[in-house]
Each structure stands twice: as C-alpha cells, then as structure tokens.
Amino acid sequence: DAGITQSPRHKVTETGTPVTLRCHQTENHRYMYWYRQDPGHGLRLIHYSYGVKDTDKGEVSDGYSVSRSKTEDFLLTLESATSSQTSVYFCAISVAQGWYEQYFGPGTRLTVT
Amino acid sequence: KQEVTQIPAALSVPEGENLVLNCSFTDSAIYNLQWFRQDPGKGLTSLLLIQSSQREQTSGRLNASLDKSSGRSTLYIAASQPGDSATYLCAANSGGTSYGKLTFGQGTILTVHP
C-alpha cells in the first residue's frame, strides 16, 4: 500500500467552514497528488507536489489550496467548503524508481452540508 | 487535453470466462498507462503499468497491451473469478513530465457470477 494514510477518513462539515485533509507517507517519495472522485466525472487531479514547498495546480484546483512543508505530509485545504466539494478525496504517491507508478491512499469521504 | 474513454461501462460474465476491457485515449504522447482496480468504498489498487515503449505487460491472469499509434489499451483477464468483480480503471500519464498527471477513464464495472 506504499505506506499512505489519510486523515480523517470521514468528515461532515457545514458550508463556509475551512477543512484540511492530511496525506501522510512513510517512504520519502518525492511526488504526491490529490484527486477527487465523483460519480459521472471519475477521478480528477486537484493539485500535485514534486518536492517540499513545490506544488502545482491540476485540472480542478479552484477552491482548493495545498501545502507541503515536509516530505511525508501533503495537506489539502478547502478554504470555505461548498456543497459542490462533497466528494471522496484520494491522495497518491508516485514511485520514481518504478517508472512513476502511482499508488493511492484509502480515501477521505467528505460531506459538506 | 487528454481524454480517456473506457468501454464497456459495465460487464457481467459467468465465472471462468476470458474477457477484455478496453481503454482509448486521445493524445498518443503518453509516458505510460496504468490499470487499476477499485472495490466498492475502497481506494485504487495498481494492477499493471505499461511504459510507452512497451507493447504489453503481464501479471498472473492479467495481460495489458498498449498501442500508442491507435490510442488504445486493453486489459485481458483470463479465467475470470467472482473475486475479480470490481471497477477497473485505466489512466494515461501525460502532461509532458515523467512524474506526470494521470487522466482517468470512467471505469468498467465488472461482475463475475458463479
């Protein structure tokens, strides 16, 4: 499972509140990603990181910010949650030595009411 | 912009049957293509990764092929079992960088009945 954990695993929050999701990896991989999965849209990339303090936007980055202050943690923040951000969020890492094969965490189910 | 399509959207087969899942992509400039399995309520499990320079990759009863020129990949599952029931996703790694960004298809929901 590439040593990836996500917290929390489930969260219910109200519209307008800030929310931070955490992804933690234990194997010092350089590349990390945040995706969201929605019925009808599949999995879409939100943000990714290619090193400490190095991040970039993905396909659906509006309303999200990320931070990576140390190799093992990649945080996803919803500054002011909206109902459209109700989704399942997956973190992934990419193994450079393995042709950049991506491995996924267990996911966080977020509901914004 | 890369677009990935998977056909069929759902497939139901009897146990023991050999089957093929299809994946097509619009931009042939990919670094690799990855197949995943997802069980209900769970994360994604990587099954196979095919480099752009490879034609196929095998793992146990699974065989994935890649034809970049036609923008197609197939996942062949031999002697299917009920435990193979899951959603199968393909994802193209493109975007001009090797660490890349995956573009996913919508998936094929596979049901193998005893």
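Only a predicted model underlies this, so the values are computations on that prediction, with no experimental measurement involved.

### Points about the overall build of chain A
A tally of helices and strands in chain A yields zero helices and eleven strands. Each helix and strand of chain A, placed in order from N terminus to C terminus, yields the pattern β-β-β-β-β-β-β-β-β-β-β. Taking 2.2 N^0.38 as the reference for a compact globule, 113 residues should give roughly 13 Å; the C-alpha atoms of chain A span a radius of gyration of 13 Å, in line with that estimate. Split into buried and exposed, the 113 residues of chain A put 50% on the buried side. The contacts of chain A with a sequence gap of at least 6 include a subset with a gap of at least 24, amounting to 54%. Carbon and sulfur atoms form 48% of the exposed surface of chain A, whose accessible area is close to 5,200 Å². Treating the 11 positive side-chain charges of chain A as one cloud and the 12 negative ones as another, the clouds have centres 3 Å apart.

### Some points on the sheet that holds strand 8 (residues 73-78) of chain A
Residue and element names in this part refer to chain A. Within the open sheet, the four strands sit side by side as 1-3-8-7. Their pairing is antiparallel. The open sheet has two edge strands with one neighbour each: strand 1 (4-7) and strand 7 (64-70). Averaged over all neighbouring strand pairs, the angle between strand axes comes to 20°, with direction disregarded.

### Details of the confidence of the model for chain B
Across chain B, the average pLDDT comes to 94, with 96% of residues at or above 70. Model confidence for chain B, summarised as mean pLDDT per element, is weakest for strand 10 (residues 101-104) of chain B at 91 and strongest for strand 8 (residues 72-77) of chain B at 98.

### As for the side chain of Ser61(A)
Along the polypeptide, Ser61(A) turns up in the loop between strand 6 (54-57) and strand 7. Every residue in contact with Ser61(A), bar those within four places of it in the chain, is listed here: Ile46(A) and His47(A).

### Brief notes about the state of the cysteines
Within the structure shown, the criterion is met by two disulfides over all chains. One disulfide bridge connects Cys23(A) with Cys91(A), the sulfur atoms lying 1.8 Å from each other. A torsion of -70° about the S-S bond marks the disulfide between Cys23(A) and Cys91(A) as left-handed. You can see Cys23(A) sitting in strand 3 (residues 19-25) and its partner Cys91(A) sitting in strand 9 (residues 87-95), a full 68 residues away along the chain. The exposure classification of Cys23(A) matches that of Cys91(A), with both residues buried. Sulfur-sulfur distance for the disulfide between Cys23(B) and Cys90(B) comes to 2.0 Å. With the S-S bond torsion at 80°, the cross-link from Cys23(B) to Cys90(B) turns out right-handed. Pair noted here: Cys23(B) is in strand 3 (residues 19-25) and Cys90(B) is in strand 9 (residues 86-94), with a separation of 67 residues, a long-range link.

Rules used throughout
- Residues numbered from 1 in each chain as written.
- Chains lettered and ligands numbered in written order.
- Predicted model: local features only at pLDDT ≥ 70, side-chain atom pairs only at ≥ 80, totals over all residues.
- Heavy atoms only, no water.
- Helix = DSSP H or I, 4+ residues; strand = E, 2+ residues; numbered from the N terminus.
- Rg over C-alpha atoms; globule rule 2.2 N^0.38 Å.
- Buried < 20%, exposed > 50% of the residue type's maximum accessible area, 1.4 Å probe, protein only.
- Contact = heavy atoms within 4.5 Å.
- Areas by Shrake-Rupley, 256 points an atom, 1.4 Å probe, with all protein chains shown as cover.
- Lys, Arg positive; Asp, Glu negative; His and termini not counted.
- Charge placed at Lys NZ, Arg CZ, Asp CG, Glu CD.
- Pairing = 2+ DSSP bridges.
- Axes fitted to C-alpha atoms, helices over the stretch in contact; angles between N-to-C directions.
- pLDDT = per-residue confidence, 0-100.
- Disulfide = S-S within 2.5 Å.

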